[in-house]
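Remarks on the overall topology
Residue strings, one per chain:
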Amino acid sequence: MKHLKLLPALLLIATLASCGGEAAGTTDTTPVDTAPATTEAVTEPGYPVPDTSSLDFGGDELRIFSVQWGNVSKYYFPEEETGDSVLDACYSRLRNVEEALNVKVAEPAWGADGQAHKDVMKTVQAGDDAYDMVFTHCIDGYSDYATNNAVYNLDALPYVNFEAPWWSKSMIDTFRIGTETYFGFGDIILNTPSSIFFNKEIAAEYDMPDHYQMVRDGKWTYDTFLKQARMVSIDVNGDGKMDYNDKTGYAGDLTEALGNIPFAVGIQLTKYTDDGLQLNFWSDKLLEVFNKTYDYFLDPSVSQGYFRHYADVGQGFGEGLALYTISNVNDMVNLRDADIEFGVVPMPKYDEAQSEYRCYVWSPSVCVPTTILRPELVGAALEQFAYESVPVTNAYIEDLIRGKSTRDTETLEMLDIIYDSQVLDIGGTYLGFDSNFRKVFYCFYDLMSTKNDNVASFYEKSEKAILKVLDNLYTKVIENQSID
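Residues numbered from 1 in each chain as written. Predicted model: local features only at pLDDT ≥ 70, side-chain atom pairs only at ≥ 80, totals over all residues. Heavy atoms only, no water.

**Notes on the overall build of the protein chain**
- In terms of regular secondary structure, the protein chain is built from 18 helices and 16 strands.
- Of all 484 residues assigned to the protein chain, the portion counted as buried reaches 56%.
- Of the contacts formed within the protein chain by residues at least 6 apart in sequence, a portion of 81% connects residues at least 24 apart.
- Put simply, the protein chain shows about 19,600 Å² of open surface, and 47% of that area lies on carbon and sulfur atoms. (Helix = DSSP H or I, 4+ residues; strand = E, 2+ residues; numbered from the N terminus. Buried < 20%, exposed > 50% of the residue type's maximum accessible area, 1.4 Å probe, protein only. Contact = heavy atoms within 4.5 Å. Areas by Shrake-Rupley, 256 points an atom, 1.4 Å probe, with all protein chains shown as cover.)

Below, the structure written as structure tokens:
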């Protein structure tokens, strides 16, 4: 998925820096929001845009259903231009799809978290061609859709081409069960992958290596992260105890953050094979990483991480007292008013031998109900919608860095790496909120929030039920494909 088109001015600055015009890692203070937002779609050199010149659907309606969650409900379907760069790009997307195909995008129907998929399933079970496209996510019914034959095989839709750069082929391939594709990922989705924010002033105070260069050199590892985080421990108010008023290596809510760590170090919970869905959770590596994580994040002298379900107060990264926090890239926007200089880097690798950075994404997706009666219109609209989403992603990336206190050009480079490093997990996405599978998906959180360090016993008690859930998912999906 080619999602970033760097602005010409920033490209020039980055080129000068790499050629010796400025030292690598220096800060550019030119406000990013003075540069014009790019609105043209980005394609691979020579890659043809969707051919819609011969398509005319006579003003037919395109009917969309969406879960009210995250960026989907915030941005996707604005009713008018507002001056907000992302909303306006989304508005233009809708109008461009209408113009290209001669369709009318109807006002979307919305469903609440945990209920949206039930609303769609009712229409499918009634045989009602009610919606053409559905935006959903892991909180809302991936497993139910797939196991109840409720979602269309996107590979069979006319005009849809998952080789195109506006789709994320790697995520789609990872998430496929059997021979059919039910859920689409790519620029059509405004993802917010996991990342690490670091306080530049604290890093400089402790004479730490350039974080950006460590990433470039492949030396940004979990052990490096922990070593540097442990360096920071100052009783700021001198009261003889370390709490959220003091300076430490880490701050922030750990509830979701801990779940990103196994994926970052190369542990994939589940994997599709010809024999079924394989559970890959338990290993010596998992035990090692868990023990290191437990020892660090529950040590108040070096970490002020907290669990929001167990604490009323906790230190936030924006307060300027912590070196690091694990968050998703969207939280850069929430730090605009913070009086700190910060940078963003991908989640750290297990070691330098790990071939790539891995940033877990709690991703929504797009799917199509099996009850559609106009596959040609739906396929053309889905591909056109995805293509027209590239400028939306560009505007979103620009919006993330606009107003950031340092506004350094390296942020664009790091975001490019982070977005190219997105990973998801079949089990975690289909079944992340299943009462059994969550025992591995939320394992670090469940154990550490209750100060239980016996991960081996915890897993041993849970394994049988988890394997059964995975087997049921695989069996039902494959059975539906056989019936087709």
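Having seen it, we continue.
**Considering the pairing of strand 10 (residues 276-279)**
- Examined bridge by bridge, strand 9 (residues 270-273) and strand 10 share four bridges and lie antiparallel to one another. Residue pairing for strand 10: Tyr272 is matched across the bridge by Leu277.
- In textbook terms, the turn of a hairpin is the stretch between consecutive antiparallel strands, and for strand 9 and strand 10 this stretch comprises two residues. (Pairing = 2+ DSSP bridges.)

**Overview of the pattern of salt bridges**
- Overall, the coordinates contain 19 salt bridges when judged by the stated rule.
- Residue Arg438 is joined to Asp446 by a salt bridge in which the shortest nitrogen-to-oxygen separation is 2.7 Å.
- The network of salt bridges with shared partners includes Asp60, Arg63, Asp129, Asp132 and Arg374. (Salt bridge = Lys/Arg side-chain N within 4 Å of Asp/Glu carboxyl O.)

**A word on helix 9 (residues 222-230)**
- Of all the residues in helix 9, the buried ones are Tyr222, Phe225, Leu226, Gln228 and Ala229.
- In this structure, the buried side of helix 9 is in contact with strand 6 (194-199), helix 8 (211-216), strand 8 (247-253), helix 10 (257-264), helix 11 (284-297) and strand 12 (322-328).

**As for the packing of aromatic side chains**
- What the rule picks out here adds up to 42 aromatic pairs.
- Taken together, a centroid distance of 5.0 Å and an interplanar angle of 85° make the contact between Tyr250 and Phe297 edge-to-face. You can see Tyr250 sitting in strand 8 and its partner Phe297 sitting in helix 11, a full 47 residues away along the chain. One exposure class covers both Tyr250 and Phe297, and it is buried.
- Between the aromatic rings of Phe263 and Tyr360, the centroid separation amounts to 4.1 Å while the plane-to-plane angle is 20°, which identifies the pairing as stacked. Of this pair, Phe263 sits in helix 10 while Tyr360 sits in strand 14 (residues 359-360), placing them 97 residues apart in sequence.
- Residue Tyr360 is classed as buried on the basis of its relative accessible area of 2%.
- Grouping aromatic residues by their ring pairs yields a cluster made of Phe263, Phe307, Tyr360, Trp362, Phe433, Phe441, Tyr442 and Tyr445.
- Sitting above the plane of the Tyr91 ring, Arg95 keeps its charged end 4.7 Å from the centroid. (Phe/Tyr/Trp six-rings, centres within 6.5 Å; stacked < 30°, edge-to-face > 60°. Lys NZ or Arg CZ within 6 Å of the ring centre and 35° of its normal.)

**Regarding the sheet that holds strand 15 (residues 364-367)**
- Taking strand neighbours across the sheet as the criterion, the four strands line up as 4-2-5-15 in an open arrangement whose pairing is mixed. Edge strands, defined here as strands with exactly one partner in the open sheet, are strand 4 (109-111) and strand 15. Each adjacent strand pair in this sheet contributes to an overall mean axis angle of 20°, direction not counted.
- By the bridge criterion, four bridges tie strand 5 (residues 133-137) to strand 15 in an arrangement that is antiparallel. (Axes fitted to C-alpha atoms, helices over the stretch in contact; angles between N-to-C directions.)

**A closer look at the packing of helix 13 (residues 390-401) against helix 14 (residues 410-420)**
- Helix 14 packs onto helix 13 with a crossing angle of 130° between their chain directions and a minimal axis gap of 11 Å. Comparing the axis directions of helix 13 and helix 14 gives the class oblique. Here helix 13 runs over helix 14; the crossing is right-handed. Within the contact between the two elements, helix 13 uses Tyr396, Ile397, Leu400 and Ile401 and helix 14 uses Thr411, Leu412, Leu415 and Tyr419. (Parallel < 35°, antiparallel > 145°, perpendicular 65-115°, else oblique. Left-handed = near helix turned anticlockwise from the far one by under 90°.)

**Describing the environment of Ser389**
- Summarising the element assignment, Ser389 is placed in the loop between helix 12 (375-387) and helix 13.
- Assessed through its relative accessible area of 0%, Ser389 is described here as buried.
- With 313 residues separating them along the chain, Ser389 and Tyr76 place their C-alpha atoms 9.9 Å apart.
- If we ignore the near neighbours within four places in the chain, the residues touching Ser389 are Arg93, Asp187 and Ile188.
- Side-chain polar atoms of Ser389 contact the side chain of Arg93, separated by 2.8 Å. (Polar contact = N/O pair within 3.5 Å; in protein donor to acceptor, adjacent residues only side chain to side chain.)

**Notes on unusual backbone geometry**
- Of note in this structure, Asn149 is not a glycine but carries a positive phi near 55°.
- Its identity as a non-glycine residue notwithstanding, Asp207 has a phi of 50°, on the positive side.
- Assignment of secondary structure puts Asp207 in the loop between helix 7 (200-205) and helix 8.

**Overview of the pairing of strand 12**
- Across the seven residues of strand 12, six count as buried, placing the element largely inside the fold.
- Two strands pair when backbone bridges link them, and strand 6 and strand 12 are joined in this way by five bridges, in the antiparallel orientation. Considered in strand 12, the bridge of Ser195 is made with Ser327.
- In this sheet, strand 12 lies alongside strand 8 in parallel orientation, the contact comprising two bridges.

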